[in-house]
Amino acid sequence: MKTEIKIENLRLEDILDMQHIRELNDAFAFSMNLASTVVDLKGNPIAGPSNHSHVCQLIRSNSRGLANCMESARILGSKAHETGQPYSSPCYSLGFADAAAPIIIQGKHIATWLVGQAYLAQVDENRIIEYSREIGVDENAMLRAFRSMKSIPPEEFETKLDFLWRIAQTVSTLGYNNLKSNLILERLRKSQSELEAYRQNLEVIVEKRTSQLKKALEKVEQLSLTDYLTGCFNRQYLHKNLDNELKRSKRYQKCLSIAICDIDHFKLINDKYGHQCGDHVLSEFAGIIRPNIRDGIDTLVRYGGEEFLLLLPETDLSGALLIADRLRRRIEETPIVWEETAIRITASFGIAAYDYGGSHQITNSDDLIMIADKNLYQAKANGRNVVFGPAQ
């Protein structure tokens, strides 16, 4: 069963410990000697402000000045989300050089990390006086505060912005992982709650609840044997059923084949597009294979990481090779779309087959897996995007 990530109305504080985010914001602000704030999409601070200059403190103590700062934060955050990367610009309030890095969960912008006030851009004393009068703040106090500010070169500001982007991406990935974990725990708690309700009422309504209890137990059993991300069966299912399939093949003198397939260069996808994209590729990869195997006969298992295993009853080695090569070509021909980017992938296959009529070295399911794994290794050694499975 595939886990659906629902992010409507999601807030950063719903999935992350905001005390940790505030501590990280403070540490970044003082170590980089920048003003730093994490805001929501309307510009309201949710962590910070930290290390703000006395000029900006005076502005934010004024209602008109605070409203301008929040509107500037909103605009900068929107621009950063549109570009999909940090966005730097003079702030839409006073004009200091500011920058924004978006925090994005599965393509949804949920918060913005803002930095600035260390590179003064085009602001001078005339602008300070003009803005003081515009919002109604004491211009002498503003001038004194401005004269005490120190500016850094633009290139140093850009270097620090690159570091901020890395932190924002890390926070995005952490938030996504926490969201997945929370959803899984929620499902487990719901199942446990249902089972507890059944247990408490069982003595009173045994006959009425027997059927419902059976269905609930089947659901829990199904969850325990299913990979939450791809909807495939998991390794626990394989250990439970592969030996039985092999015994059945021996008893009824049938062939049995397996294919272990591995997505080629999967680490490069995670490194280039992020782990959220990697999860999407795994799910879509399973979706390419499922319609191209026999429904109710063949079984697709997520074997581990980017490896999948196909269980092919009543299929000899030549048949397994044909099936694997057909799948290999379908995978190669089918792009996977992630955030409007078409990602092309390939996969390598290692085949193993039990032939009831010939001499062979397969005595148990471990032998079958060991041979398929060895042949997968050979497929990768042969250049990847290859099916390998010589006669055993």
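Note that the structure is predicted; figures quoted are calculated from it, not measured.

Q: Just give me the short version of helix α12 (residues 317–333), but keep the residues and values in it.
A: Counted at 1.5 Å a residue, the expected span for α12 with its 17 residues is 24 Å, and the 24 Å between its end C-alpha atoms agrees. Taken residue by residue, α12 has L317, G319, A320, I323, A324, L327, R328 and I331 as its buried positions. Structurally, α12 contributes buried residues whose contacts are with β6 (256–263), α11 (275–289), β8 (307–313), β11 (347–354) and β12 (387–388).

Q: An account of helix α2 (residues 18–32) is needed here, citing residue identities and associated values.
A: Over its 15 residues, α2 runs 21 Å from end to end, which matches the ideal 21 Å to within 8%, given 1.5 Å per residue. Of all the positions in α2, only M18, I21, N25, F28, A29 and M32 are classed as buried. Taken down its axis, α2 places every buried residue within 95° of arc, on the same side. Along α2, the residues that are exposed and aim more than 90 degrees away from the buried face are F30 and S31. Tucked into the core, α2 has its buried residues touching α1 (12–15), β1 (35–39), β2 (45–50), β5 (108–116) and α7 (154–201). Of the residues that open α2, the one with a side-chain oxygen 2.9 Å from the backbone nitrogen of Q19 is D17.

Q: Give a detailed account of the packing of aromatic side chains, specifying residues and quantitative values.
A: Applying the stated criterion across every chain, the model contains five aromatic pairs. Residues F96 and F146 carry aromatic rings whose centres are separated by 6.5 Å and whose planes lie at 10° to one another, so their mutual orientation is stacked. Residue F96 is found in the loop between β3 (87–90) and β4 (97–105), and its partner F146 is found in helix α6 (residues 139–147); the two are separated by 50 residues along the sequence. Like F146, F96 is buried.

Q: So what's going on with empty space enclosed by the protein? Residues and values would help.
A: Scanning the model with the defined rule gives one cavity of 30 Å³ or more in all. Forming the boundary of the largest cavity are 23 residues, of which H52, R60, C69, D98 and Q117 lie nearest the centre. Within the residue set of the lining of the largest cavity, elements represented by two or more residues are β1, α3 (54–60), α4 (63–83) and β5. Of all the elements, α4 adds the most residues to the lining of the largest cavity, at five residues. The class makeup of the residues in the lining of the largest cavity is 13 nonpolar, eight polar and two charged.

The rules we used
- Residues numbered from 1 in each chain as written.
- Predicted model: local features only at pLDDT ≥ 70, side-chain atom pairs only at ≥ 80, totals over all residues.
- Heavy atoms only, no water.
- Helix = DSSP H or I, 4+ residues; strand = E, 2+ residues; numbered from the N terminus.
- Expected span 1.5 Å × (residues − 1).
- Buried < 20%, exposed > 50% of the residue type's maximum accessible area, 1.4 Å probe, protein only.
- Contact = heavy atoms within 4.5 Å.
- Arc of directions from axis to C-beta.
- Polar contact = N/O pair within 3.5 Å; in protein donor to acceptor, adjacent residues only side chain to side chain.
- Phe/Tyr/Trp six-rings, centres within 6.5 Å; stacked < 30°, edge-to-face > 60°.
- 1 Å grid on protein atoms, 1.4 Å probe; cavity = no way out; pocket = protein on both sides within 12 Å on 5 of 7 lines; lining within 4 Å.
- Points joined across faces, edges and corners; volume = space filled by probe spheres on them.
- Nonpolar A, V, L, I, M, F, W, Y, C, P; charged D, E, K, R; others polar.

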